[in-house]
Amino acid sequence: MAVIAQKCPHINVTVVDVNAERIAAWNDTELANLPIYEPGLKEVVAEARGRNLFFSTDVASAIREAEMIFMSVNTPTKTYGNGKGQAADLKYIELCARQIAKEATTDKIVVEKSTLPVRTAQAIKTILSNNQTTAKFQVLSNPEFLAEGTAVADLFAPDRVLIGGEQSPEGLEAIEALTDIYAHWVPRERILQTNVWSSELSKLVANAFLAQRISSINSISALCEKTEANVDEIAKAIGMDSRIGSKFLKASVGFGGSCFQKDILNLVYISRSYGLEEVADYWEHVIDLNDYQKRRFAQHIISKLNNTLSGKKIALLGWAFKKDTNDTRESAAIYVADYLLNEQAEVYVYDPKVPESQIHKDLDYLNSRSPEENRAQVHKVIDVEQAVSGAHAVAILTEWDEFKSYDWQKLSNLMMQPAFVFDGRNILDHDALRALDIQVCGIGK
Ligand code: UDX
């Protein structure tokens, strides 16, 4: 929304949330305190905030005044009841739609922005049409394809913008209204107009295809470790085939983030609910492979350290699910740490952006042990030297650039010998580290 405000100074954008603390943080004069860390975001907020970008807790007024409402509420995977562990929880979408229906006195275009399973626009439309007002609603699907860490750059120059709407004269008019907004900075040929279902499903399918590429190359990484092949060389060789392409072929400790797993689970759930068992199983395997990759990485550490981690200090570099973000949702680091903790390791984490409270929260959520045990066994430190001092092994779990520029000779001297480095992102120069007598284990090589 901040980018829309920045690119369209004539449009007033009000971001509302019931969480007063969060809104206060968005209004904080100190831009370093914005609730989300994203390169370039604070510059966008600095330019537009107070001019035509506002943050408020007054949800009702904002609904009444708006001509267009973007619904960007959370759609976590259900943790209870029917569809538990797979289906998206539409509770917040529904509450939000009910509130719009209650407050609206004039016609509105409602844009669903959250990642949603197909047919949600229809559910929103049904709720909106069962209300007291005479106001008319058009529901559009406009899925977000930005990736964290590059969100602002992705929004400035998106590969495409997708707008799905009802194929009626009113629906097409609403699609045009939203197209006009994006057209302020996105070339029109990159703005795709579709029916609602294609738009909703495209988001899930795009993420499923991206995740599938990572699981595919990660499956090959396991094979490479058994042979003389090197997964980075394979990725380069196959990526240069223009039919395959080079992106999203980086073997890793496993993908994380708020979207891939959740969207695939939604795809699986929808397919299964239509009786398409084979389709559901096919996509579910992308997740199974990802779980296998995280488990395999942890198991590798355990076996290299003589099958016992009891009382051993392991340094984890990185906790975020990827670099340049403080987001830790579904981060591979959480699961790797959990396996190591099961082996009674002492885990020391260094991540430039993630606070200790988040690390403990992530581990508590797994329920593998008590919160007290997590706090006793897992420590966040403020620099890498503290993390590696006296450590039996270092594991790189996020590809933060600063990890590449460390003086690894100095770090290795601080470690227990032989010094083991498990590079879960293949970001270090392994030959150079081996020349320093460091025992290096990468992914797929
Ligand atoms: C993703 C989609 O890219 C984006 O279009 C969608 O809107 C939201 O979901 P995001 O989750 O922010 O974005 O990050 P992304 O860059 O896709 O990375 C996801 C995970 O895959 C990360 O853990 C990343 O480290 C991992 N990854 C990515 C790999 O392991 N290898 C790769 O080659 C690429």
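The structure under discussion appears in the preceding block.
All values derive from a computational prediction rather than experimental measurement.

J.: Which parts of the structure should I look at to understand the site of the ligand?
T.: Around the ligand sit 20 residues in total, of which Phe145, Glu148, Ser252, Phe321 and Arg425 are the nearest. Here an oxygen atom of the ligand sits 3.4 Å away from a polar atom, N or O, in the main chain of Leu249. Gly256 places a main-chain nitrogen or oxygen 2.9 Å from an oxygen atom of the ligand. A per-class count over the shell around the ligand returns 11 nonpolar, three polar and six charged.

J.: Is there a simple way to think about the sheet that holds strand β10 (residues 378-380) in this case?
T.: Here six strands make up an open sheet; going across it, the order is β10-β9-β8-β11-β12-β13 and the pairing parallel. Each having just a single partner strand, β10 and β13 (439-441) make up the two edges of the open sheet. Taken pair by pair, the neighbouring strands of this sheet meet at an average axis angle of 20°, ignoring direction. Bridge count between strand β8 (residues 313-317) and strand β11 (residues 393-396): four bridges; the pairing is parallel. Along β11, the bridge assignment pairs Ile314 with Ala393. Across the face of the sheet, helix α12 (residues 277-304) comes into contact with β11, β12 (420-423) and β13 while running at roughly 170° to β12. Along the sheet face, helix α14 (residues 356-366) touches β9 (346-350) and β10 and points at about 155° away from the line of β10.

Thresholds, definitions, all that
- Residues numbered from 1 in each chain as written.
- Predicted model: local features only at pLDDT ≥ 70, side-chain atom pairs only at ≥ 80, totals over all residues.
- Heavy atoms only, no water.
- Near = heavy atom within 4 Å.
- Polar contact = N/O pair within 3.5 Å; in protein donor to acceptor, adjacent residues only side chain to side chain.
- Nonpolar A, V, L, I, M, F, W, Y, C, P; charged D, E, K, R; others polar.
- Pairing = 2+ DSSP bridges.
- Helix = DSSP H or I, 4+ residues; strand = E, 2+ residues; numbered from the N terminus.
- Axes fitted to C-alpha atoms, helices over the stretch in contact; angles between N-to-C directions.
- Contact = heavy atoms within 4.5 Å.

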